[in-house]
Amino acid sequence: MSEYRYTVEVTASSVSPLAFDPSRCIGCCRCVEACQIDVLLPPQRKGGVPRVVWPGECWYCGACVMECPQKGAIRLRHPLMNQARFVERASLRDEAPGKLP
Ligand code: SF4
Ligand code: SF4
């Protein structure tokens with residue numbers, strides 16, 4: 001794995017779409033190549049993990065995670081709003097239709 005030298009300023013964002021496990025990542029950069037919108041850049045030092053330089057641009061498509069050969073090396077972290085699930089309220093479920101508050 002060759003080393004890369006670049007200077008980049010990570011774009012500030014309220015989201016952090018990817019988490020890497022450095023103990024599992026082998027630095028192969030398949031995730032970097034899989035990302036069609038270049039959210040990631042290769043690690044700058046040997047043994048490092050890719051850098052998420054444009055986190056706000058992530059589409060959460062999962063291509064980077066699916067391409068990774070190392071299980072658990074990279075994980076998607078969906079924004080809190082995308083994790084919402086709607087659950088039926090028991091008090092409404094038992095009432096007759098048309099009696100909603
Ligand atoms: S989830 Fe999709 S858009 Fe986001 S970094 Fe991975 S490949 Fe790129
Ligand atoms: S996260 Fe997976 S695909 Fe990306 S560099 Fe590490 S091992 Fe390779």
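See above for the structure.
Residues numbered from 1 in each chain as written. Chains lettered and ligands numbered in written order. Predicted model: local features only at pLDDT ≥ 70, side-chain atom pairs only at ≥ 80, totals over all residues.

### Some points on the overall build of the protein
Basically, it comes down to this: Secondary structure elements follow DSSP: runs of H or I of four or more residues count as helices, runs of E of two or more count as strands, with numbering from the N terminus. Partly exposed residues are those falling between the two cut-offs: more than 12 but fewer than 20 other C-beta atoms within 10 Å of their own, whereas 20 or more means buried and 12 or fewer means exposed, with C-beta atoms placed from the backbone. Note that contacts rest on C-beta atoms placed from the backbone: two residues are in contact if these are within 7 Å.
Of regular secondary structure, the protein possesses 3 helices and 4 strands. Taken from the N to the C terminus, the helices and strands of the protein come in the order β-α-β-β-α-β-α. By residue count, 17% of the 101 residues in the protein fall in the buried class. Residue pairs in contact within the protein that sit at least 24 positions apart in sequence constitute 63% of those at least 6 positions apart.

### Some thoughts on the site of ligand 1
Cut-off, in case you're wondering: Residues are counted as near a molecule or strand when the C-beta atom, derived from backbone positions, lies within 6 Å of that molecule or strand. Under the grouping applied here, Gly and all other residues not named as nonpolar or charged are polar, the nonpolar ones being Ala, Val, Leu, Ile, Met, Phe, Trp, Tyr, Cys and Pro and the charged ones Asp, Glu, Lys and Arg.
The local shell around ligand 1 holds 15 residues, among which C35, V39, C58, C61 and C64 are the closest. Here the residues of the shell around ligand 1 are counted per class, giving 14 nonpolar, 1 polar and no charged.

### A look at the nonpolar core
What counts here: For this analysis, nonpolar core means a set of buried Ala, Val, Leu, Ile, Met, Phe, Trp, Tyr and Cys residues linked through C-beta atoms within 7 Å.
Core analysis: the largest hydrophobic core is formed by 14 residues, its most contacted members being F20, C31, L40, C64 and I74. Setting aside anything within four residues of it in sequence, one finds C64 in contact with C31, A34, C35, L40 and I74.

### Here's the deal with the site of ligand 2
Taken together, the neighbourhood of ligand 2 is formed by 15 residues, with C25, C28, C31, C68 and I74 sitting nearest. By residue class, the composition of the shell around ligand 2 is 11 nonpolar, 2 polar and 2 charged.

### Notes on the environment of R75
Mapping R75 onto the fold places it in strand β4 (residues 74–76). Along the primary structure R75 and A19 are separated by 56 residues, whereas in three dimensions their C-alpha atoms are 5.2 Å apart. Apart from the residues lying within four places of it in its own chain, the contact partners of R75 are A19 and V65.

### Considerations on unusual backbone geometry
In this structure, C29 takes a positive phi of about 70 degrees despite not being glycine. Relative to the helices and strands, C29 resides in the loop between β1 (18–20) and α1 (30–34). Residue classification places C29 among the partly exposed residues on the basis of 18 C-beta atoms within 10 Å. Positioned with a positive phi, Y60 is a non-glycine residue whose angle comes to about 60 degrees. In this structure, Y60 sits in the loop between β3 (51–52) and α2 (63–67).

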